[in-house]
Every structure is written in structure tokens, then in C-alpha cells.
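The primary structure of each chain is shown beneath.
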There are 2 protein chains.
Amino acid sequence: MRSVFLAAAALLPAPAWADGLIDNVTGVTLDKDGRVQRFTGLLVSADGKVTRLLQGRDKRPEKLDWRADMKGRVMVPGFVDAHGHVMGLGLNALTLDLSDTRSLAEAQAKIAAYARTNPERAWIVGRGWNQERWALGRFPTAAELDQAVPDRPVWLQRADGHASWANTAAMRAAGVTAKSVSPPGGRIEMAGGQPSGVFVDAAEALVEKSVPKPSAKDMNAAFLKAQELLLSSGITATADMGTDMDAWQTYRRLGDLNGLRVRIMSYGAGLDDTIRIGGTGPTPWLYGDKLKLVGVKLYGDGALGSRGAWLKAPYHDAPNERGLGFMSDTLIRNLMVRASMDGYQIAVHAIGDRANEQVLGAIEELVDTYKGDRRWRIEHAQVVDPVDLRRLGRNGIIASMQPVHQTSDRTMAEARLGPNRLQGAYAWRSVLAAGGRLAFGSDYPVEKPDPFAGWAAAFTRQDEAGQPFGGWQAQERVTREEAWRGFTTDAAYAGFAEDKFGRLAPGMAADFIIVDRDPTLASPTELRATQVLQTWVGGQKVWERR
Amino acid sequence: MRSVFLAAAALLPAPAWADGLIDNVTGVTLDKDGRVQRFTGLLVSADGKVTRLLQGRDKRPEKLDWRADMKGRVMVPGFVDAHGHVMGLGLNALTLDLSDTRSLAEAQAKIAAYARTNPERAWIVGRGWNQERWALGRFPTAAELDQAVPDRPVWLQRADGHASWANTAAMRAAGVTAKSVSPPGGRIEMAGGQPSGVFVDAAEALVEKSVPKPSAKDMNAAFLKAQELLLSSGITATADMGTDMDAWQTYRRLGDLNGLRVRIMSYGAGLDDTIRIGGTGPTPWLYGDKLKLVGVKLYGDGALGSRGAWLKAPYHDAPNERGLGFMSDTLIRNLMVRASMDGYQIAVHAIGDRANEQVLGAIEELVDTYKGDRRWRIEHAQVVDPVDLRRLGRNGIIASMQPVHQTSDRTMAEARLGPNRLQGAYAWRSVLAAGGRLAFGSDYPVEKPDPFAGWAAAFTRQDEAGQPFGGWQAQERVTREEAWRGFTTDAAYAGFAEDKFGRLAPGMAADFIIVDRDPTLASPTELRATQVLQTWVGGQKVWERR
């Protein structure tokens, strides 16, 4: 009977039991217990799932639909980024990028050149500047931007997204004057009684509202660019932390045209858009597990660099400031209750120790009413009071953290926090020790979507130059395997997707990358230099280095 | 080999070559040339398409996945409604319905009873009243509504949707006072210097903005109710004339859960929502040809009953009024240009002769720039100046008309228009004679979504009581077959779907209904009484009378 069955099968299109084989790989994955597992071949079903991991000794099936020979190259699971901004990455890539500028003068030259080569753009929009990196010791000014572009509005977001810089034309277009008032949760920087050109947190909206919105065509192009950047970085699934309606419509548009490759765990930008998108609750997985609205992203405070992070005690380098709490205790609780009622997962941005305390308090008030597998997420959790660290270990809370932030922020964090508050800063090991869960991401486009840089930072606490020697606050390192979990299975768990992707095992998606070295054996420096050669999602090659 | 093949097939789920047969039917359909064609069996493929129409003499295939015996009952193609409001139908069905009330007193009693049985509703919302039907000779008042419900806001839309009636509590909640000003395109009815309680066209928004929006759960329930009403009426595909973002999200939500049965040709409610939904242009057909954003719905004027229709000459029964044009010539042209650039089909509501003239002028200005198969639609086209009728025959314009409106409006139209303007009113035959195209619909929930009533009205110009004898303006009748085309193939054509549904032929969707009589042979009275027994979409039974 068996041979009869197979003979008939040859007449039928894409029968469900026809496997493909990716053979001759140096395969490495984590198993369900977080242990490293090796294999040499991967059997994949027609619907893009792993059927079996093969060892060298295992006989290969004879009947196969297709076969690929990897000639001994290294295969690892595709990475999962627990915190990124998909449209931000794409729009950023299509706009002016100042993240590589090392001085104000260099930035001015780059801005002027961009304006010259893009004469059709009514506004010059960009991001990535960082006055700390420029060693400016202050925010830049509108007048300095006017020197680069006097004739059109210019609007440039800071690297952390928590402040933006306008020229005079932009402030005029937005109607900002000396009489403009800083809104709650934001600050118009002033100089000599005039707006100086920099707008912090909620004050960014005063100018932002006048920036022309990207068209649907721009959004499509930006999404495709972001997807290419993610896949080429080895990321096959990502959380999208703050999907607004236009971004969601873009994902659907591409999904409807079978254009989604990367898998997106979407968190709606605030409660209104979340409910508008999801309606009665999270969506199912759509387009063959490519897109799902999982929950809601809320903001508890701003960022440390712009002193928007909400601290319990004043900033070390600004003794009159404690940062900005975006929500009252009542408001955050009400929003979390409303979202929890409909089964949305909740992810709250909290950077300062006061903001983290607030979220922890809100979760503790809710857990008795909203039971079950909720997976409360705190995004960043960068500065946590040591007395609050243990609270992270309760109620199944996930600390969604970004290892590269630690290396980028180190000097700035020391300045902002002083020496006595570093104990709970970027405290990955302490989170695990308290019984909490970690999920790792890059916060792209704030940082590059490079999981190898994040992985290396997580077990070294050193930057790409190997600084500081021995690692910063080295007691907060995690192991290489824990770090890998953070960027794979634990990041999937954080989005309720651990049964779908994050590791290679029977029944899981065949999402993997082919790389030029074994990341489990490479030195930290070698690990950072890993090149992605191919990226596969659902058993199909979706990107290849050329 | 053949028997081997079939033996193996039994082991496989839903092989693509397995047909089903609906046999022993009295089948009637139009063919592609609009001729009546008869058959006795229908072969259907596994993907829900018609494979073949069988005659009595044709041998039935022996190998079939399934077979249904209809015992000689009549099968006709599912109807296509060219103009309806899906969410309106569902929300209406779940709210207070006054369309069957014959006097103000009866309406007051029904409203009071509804308020008593729905104590949890903060607002009493409903629709369907018609002061003409009540023989009131004037609009009702807030005071008359207060008599029914004094304690809560009440907000009731007129049958044609172009006026609404508020009680005092509703006006108070909305902040409407004696000082409120009628907005452009709308009118607050006044009595003794106070708002009388009725708000016409754009003025409805003054109160509407305060009505609590239906929740996503309400929207789901309303959609499912609408779908059931459509399927039970024999409608298997419909245009949705004015899909806003929340309605679209509802359709997607149900589609994502495989809950769509009826096929929806969606026209976005205005340009902003259309572009926000479609992005770069119309969506593809989604969910197995169940949902597509085809184009945009624009409003050129109001309705005749509320004297919102925009006329060239004053109303016969209100010599100082000419109705309300919603857009300047420049605005309508700009909106149509913007939509045409992205390939959206354009459907403009135009009821009065001045509004129809405006749309025709705009189309004529655009056709040289926006070439190709555009299928410009005018919705309603109720009153067209005879000098403009010939313009309907040019440029492939589709007059999307509602036969039952003619019978419902007859007396009112005579009062509004006087005797000299009836020549171009509901002028179906003249549209065809001029070389224009017709598409027929019901405008549900303004009228019932009953295609048999519409079909009968179209070739008799008589109402359900057979009035007036010989038909009103009988020269504007179309034939029984032309009317059937209007509700099937021509309605599909109007939504760019004539290659998908509307008639039964190989390659078309197996969308059909089983009815209790042959509508091509029934008298008009019998035709109106047709009962739908089963409704099938895509080769699956989706509704059955119990």
C-alpha cells in the first residue's frame, strides 16, 4: 500500500507530506530547556515547519521535493527582536541619518548636502543626532540649523527619539513663538526668552503636527526597506513597539499582496489605536503567522539622555529635575484595566526608577483581577531601584531590555545618575536572580538592528571597542546562552509566540539564518563581526548576501 | 492506474479535482449576453467555482466528493445589491426601528416601550421614521419625543438618513441651544426661536458627535446580523456604499476569523478613510473574493424627502429652497482627481438634477486625463434634467439606482418636484435609451434588502399593492430581464466583479439561491412573495430557512 500511495502522490500538486531537506549544515540551536543542540540537516514540511533535526548518522529520506546543500556552513535559528520600531526603521533609512556624525559641524555639513540633493522635499526630516556624541555639552540651536538650511523647515529627531531639533522655518510653520507653552510631559527648550529649537518629549508634538505625513507609497517603501534591513541582519521575527493605524494598514496592505516576510508581533501605539485595530481583542496570527496584534504599548516616561526618564531622586547632573512621568497612577491603571479586559498584552515603556516603580505598582494592583497568562511587559526597565528589583520577579513580569543601550549609554548614564544609582541600571543578572524573565531587543532604529552586537554586549558588558576592560558593572552580565535565549526563545515567549518560532525543533517554523561562523564558539569580537549569508523564513529563502 | 489513483485520493483531504454536484434543480440564470438560460444540475469545484451547467440529458459524473438533490426546486444566481449600507443594516436591526409606524402616536408608544425594555442603554438610538408616512405634514418635535422618553437622550434618524430627530435631553447633551448655527450643507429646524428637534443633513453632526459610538463587540454583532439579513434575502454580494475605518476594521476582523460569507464591494466613506484603508489604491480581493475596497463614495447632495436634494429650480412645495449642494465644483473635481490618480473607482451620491449636472460636468472634465476602464458611478441619479440624460450615456457612466425608491417616493416626489420635472425622475428606461448603464440596488437599510421587491418594481413601476394602475411614468419601465441584470450581472459589473459573480457559468463563483418559485415566470405579485429557501456562496450552503 505504501508504494501505491507514493505513486499517486506524484500526480498531485504540493502534497502536504512532501519534505524539503537543508543538508550538510553545522546546525546549532537551543532546545526547549535552553541547552545548545547540534545537528547536520533540517527536514522542512511544505507548510514551512521543521519536521526533524538530523544528525550526521541519520539516513536522509529518499523522496523529497527539494534539497539544499549548505556545504558545512553554520545554521542558527533566526533572531527575534523583542523591541523595535519597524516603520521607524524604514522611514529612518529613507530619510536623513545623523547617527554617524561626530560633531555639530559635521552634522551641519551633512544636513546641508542632503537638502541640496533633495530639492523636491518640502520639509527636511531626519533623526539620529546626539549632542553627547558631539561632546557639545548642550542641545544644539535653531540658529545652528538655519546655517545649514535657511530656506525650508528642518525637523530632526534625537537618537533616542525623546527630543527633536527644529530650524526657524520649522518653528514658524508650526506656529511656535516665544509665547508657546510647554505641554504636560514635555518641555520647549528656551534661550534668551525664545524657543531655542529643541523640543523634549510631549513638546515634540508642537512641531511634529505640522510635518507632512508620509504617503501610503512612502509607507510601503519604508516597510520594504525595514524588512530588508531586518532580514539582512538575521532577524526573522520582531516585536513592533507602537504600531499606529497607518503602520497597521501598511502591514495589512503588504500582507494582502503576499509581501510580508518578517514576522511581526505588533503592539498598538496607545489604547485607542489598539482597540481600533483589534476591536474585541488581539487578532489571530495572520498571513501564515506573519502578523499579529498582540497587545498595547504604553509610555510611562521619557528617556535618560534627554532627562525625560522619571527618577525617584533628582538627576545627578541637573539637581532640579526628576524627569517626566507621562501618566498619573490612576490613568496608567485605568488604561491597563481597559486593555486587560479585552485580553491585550500590556507593554509599558519605563526607563527611570520612578516610572518602573509606578508600573510595578499598577501590575500588582491588577493581577488579582486579571489572572491567567498575562506576561506583563516592562520595556527598557533601564533604571530600577534595587528595592523594586525583587518585584520584577513576581507575577511573571518580563523585562524587555536592550543590551546595546547599556554600552551606548554608559557614560551618559553615569553623568545622569551619579555613582550611587548604577546598581539597578541595566541590571540583567539581577532581573534573572530575582526570578524575572528577560527578553532582548535592539530598540531599532535607536540602535542598529544587529543581534550579534546585542548578544556580545549582553555577556561582556563591553562595547565594540572592548571598553571598559572587564565590563561595566560586570556583575550584571548574563551567560552567552542566556543572552542567546534573550534574542530568540525568550523574545518569542515575550510575544506569546514560543510555540511558533525562536528555535529549531519539530513543529516550529523553519526560520533560520546561514552565517559565516559559529556564534556559540566565537570570541566576542568575532561574534560582533558575524556575517549573515542567507535568511530563511517558513522554509523559504527570503534574503541572500550578494 | 486509474483505480490506484482514486484509492490513494481517499486518504488525502480535499483534493483539488474533486467536484460536487447540485442536481435535480430547475436552474435559471442569465448568460453573458443577458439571455435566460436553463439547466438541471450544477457542477462545483472544491474552490467554490462553477465547473459546468448540466442539462437533463447530460450524464452525471460518477466520481464526486459530494452531491445534493434539490428535488426539482428552483435555483437562480445569488442577487447582487449595487447600493447598500452593511453596518447601517446591522446596527439598525439591533436598534429601535420605526419604519413600520403609521402615526406619530404609534411611534411615541413604540419608543417609550423600547426605552422601558432597554434600561441599560444611556442613549436611545433608532431610525426609520417618516413624517410623510405619518401624514403629519410637518417634522415632529423634541417636545413630542420628550413625551415618550423624558429622562434620557433619544436620537432617531429619518427613513432616508438625511434628517434626525432629537429629544430635549439629546440636545442638552450635545450642547445645542437657540444660539446654535446651521452648518454649511445642513439645517437646524427652528420653532419659536428654539431648535425644534429635527436636524437636516450636515446639521445632524451637531448631535451625532455626542452619541456614544458602538463598541467593537456591537460592531461584530451588527455585522453578523446584517450578513444574516442579506443572505436570507437572497443577496450573496453587495456594494457597501460608504465604509468608514471602523466598519472596515470590522470586516477585516470577521474575515481574519473566517467569518465573512457575503461578498462585499466596499466604497470608502469619503477620500480620507478610503486612502487610509487602501493606501496606494484599491485592495485586492481578500478572503477568497469576500472583501475588496473598490473605490470611494462621495456625497454631492442630500435627499428629496428632507429637501436636501440639490435642484436646478426651487422645490415645488418650498419655493424658496433648492436643496443643498455639498461640494463646490472645484472641490468635487479635486476629490475625484485625487481618487482617480490612485485608481479608485468613484461613486458620487447625486439625487437632485443640479447635483447630477455637477457630477456629469466633473466626469467630463476628468475623462481625458483619467482614461481606461473607470466605470464612473452616480448613486441614485433620481432626478436628472432631460437635457442631461444623454450625458449619462457617454463615458461609460453607471447609474446606480434603486427601483423601490421610486415606489416609496412617488407621492413625495410629485409634491417636491411638481408635474413638470417628473420626466427625468427615476428614469431607468431613459438611461438605457441614452446608452448609459444601470445597476440596481435597494439602498438598505433605507429600504428592505429585498431584491424581489426591487425586481418587480423595476418592470412594473407599481408598488406592492399594484398602485398606480398601469405603473407610474410607465414609459420608464425596463423589461423583466433588464431588471434581473440590474440586480445581478450589471450590479457586479458596477463593482468590477462581473468576472467573479452575478451569473452561473463555468469559472464564476457558485453563488446561488434556492427559491420556492420561478421568478422568470411569476406574476409581479407572485414575484414579490418569493421565498428564499437556501443561500449558497462559493459552493457552500451559508443560510437555510427553518
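Everything numeric in this text was worked out from a predicted model, so none of it was measured.

What counts, and at which threshold
Along each chain, numbering runs from 1 in the same order as the chain's sequence is written. Here chains are named by letter from A upward and ligands by number from 1 upward, in the order in which they appear as written. In keeping with the predicted nature of the model, local features appear solely for residues at pLDDT of at least 70, side-chain atom pairs appear and are counted solely at 80 or more, and the whole-chain, interface and lining totals rest on all residues. Note that domain bounds follow an automatic or database assignment of domains. A residue pair is marked as a contact if its C-beta atoms, positioned from the backbone, fall within 7 Å. Under the grouping applied here, Gly and all other residues not named as nonpolar or charged are polar, the nonpolar ones being Ala, Val, Leu, Ile, Met, Phe, Trp, Tyr, Cys and Pro and the charged ones Asp, Glu, Lys and Arg. DSSP calls a pair of strands paired once it identifies at least 2 bridges connecting them. Put simply, DSSP H or I for four residues or longer makes a helix, DSSP E for two residues or longer makes a strand, and each gets a number counted from the N terminus. The axes are straight lines fitted to the C-alpha atoms, using for helices just the contacting stretch, and the angles between their N-to-C directions are given from 0 to 180°. By this rule, a helix spans an expected 1.5 Å times one less than how many residues it contains. Our exposure labels follow a C-beta count within 10 Å of each residue's own C-beta, placed from the backbone: buried means 20 or more other C-beta atoms, exposed means 12 or fewer, and partly exposed covers the counts in between. It is the directions from the helix axis to the C-beta atoms whose arc is reported. UniProt positions are given in the numbering used here, feature names are shortened, and annotations may be inferred rather than shown by experiment. Should an angle lie under 35 degrees it is considered roughly parallel, over 145 roughly antiparallel, and from 65 to 115 roughly perpendicular; all remaining angles are considered oblique. By definition, pLDDT measures how confident the predictor is in each residue, and it falls between 0 and 100.

Residue and element names in this part refer to chain A. Looking at chain A, the domain boundaries give domain 1 (17-78 + 502-545), domain 2 (123-209) and domain 3 (216-501). A separation of 26 Å is found between the C-alpha centroids of domain 2 and domain 3. Counting from both sides, the interface comprises ten residues of domain 2 and, opposite them, nine residues of domain 3. Taken together, the residues that form the side of domain 2 that touches domain 3 break down as three nonpolar, three polar and four charged.

All names here are of chain B. Within the open sheet, the eight strands sit side by side as β6-β13-β14-β15-β16-β17-β18-β19. Their pairing is parallel. Edge strands, defined here as strands with exactly one partner in the open sheet, are β6 (79-84) and β19 (437-440). Adjacent strand axes in the sheet meet at a mean angle of 25°, parallel and antiparallel pairs treated alike. Packing of helix α9 (residues 270-278) onto the sheet brings it into contact with β14 (263-269) and β15 (291-299), and relative to β14 it is tilted by some 125°.

Residues and elements named next belong to chain B. The first and last C-alpha atoms of helix α3 (residues 104-117) sit 20 Å apart over 14 residues, in line with the 20 Å expected at 1.5 Å per residue. Residues Ala107, Ile111 and Tyr114 constitute the buried set of α3. Down the axis, α3 shows its buried residues gathered within 65° of arc, on one side only. Pointing more than 90 degrees away from the buried face of α3 are the exposed residues Ala113, Arg116 and Thr117.

With four bridges joining them, strand β21 (residues 532-537) of chain A and strand β22 (residues 540-544) of chain A adopt antiparallel strand pairing. Bridged to A:Val537 within β22(A) is A:Gln540.

In this section: the UniProt feature "domain: Amidohydrolase" (unreviewed entry) in chain A. Summarizing the sequence annotation, UniProt attributes the feature "domain: Amidohydrolase" (unreviewed entry) to residues 69-542 of chain A in the numbering used throughout. For residues 69-542 of chain A, the end-to-end C-alpha separation is 17 Å, with 34% helix and 21% strand making up the annotated structure.

Helix packing geometry: the angle between the two helix axes and the distance between the axes. All names here are of chain B. Where helix α13 (residues 403-417) meets helix α15 (residues 451-460), the axes come as close as 7 Å, and the angle between the chain directions of the two elements is 75°. Between α13 and α15, the angle falls in the class roughly perpendicular. Along the contact surface, α13 presents Pro403, Val404, Gln406 and Thr407, while α15 presents Ala453, Gly454, Ala457 and Ala458. Grouping the constituent residues of the contact of α13 with α15 by class yields five nonpolar, three polar and no charged.

Following B:Tyr444, the chain continues into B:Pro445 via a peptide bond in cis, with omega recorded as 5°. With respect to the helices, strands and loops of the structure, B:Pro445 is situated in the loop between β19 and α15. In this structure, the amide linkage connecting B:Gln467 to the following residue, B:Pro468, adopts the cis form with an omega of -15°. Structurally, B:Pro468 is set in the loop between α15 and α16 (480-486). Here the phi dihedral of A:His380 falls at roughly 85°; this positive angle occurs in a residue that is not glycine. Secondary-structure assignment places A:His380 in strand β17 (residues 377-380). Here A:Ala381, not a glycine, exhibits a phi torsion of approximately 40°, which is positive. Here A:Ala381 shows up in the loop between β17 and α12 (386-392). We classify A:Ala381 as buried; it has 32 C-beta atoms within 10 Å.

A few words now on the sheet that holds strand β12 (residues 194-201) of chain B. Residues and elements named next belong to chain B. Within the open sheet, the six strands sit side by side as β7-β8-β9-β10-β12-β11. Their pairing is mixed. Only two strands of the sheet have a single partner each, and these edge strands are β7 (96-97) and β11 (186-191). One ladder, built from three bridges, connects strand β10 (residues 163-166) with β12; its direction is antiparallel. The partner of Ser164 across the bridge, within β12, is Phe199.

All names here are of chain A. For chain A, the average pLDDT comes to 94, and 97% of its residues sit at 70 or higher. In the predicted structure, residues 1-17 sits below a pLDDT of 50 and forms 19 contacts with residues beyond four places in sequence or in another chain. Of the two predicted TM-score estimates for the complex, the pTM is 0.84 and the ipTM is 0.79.

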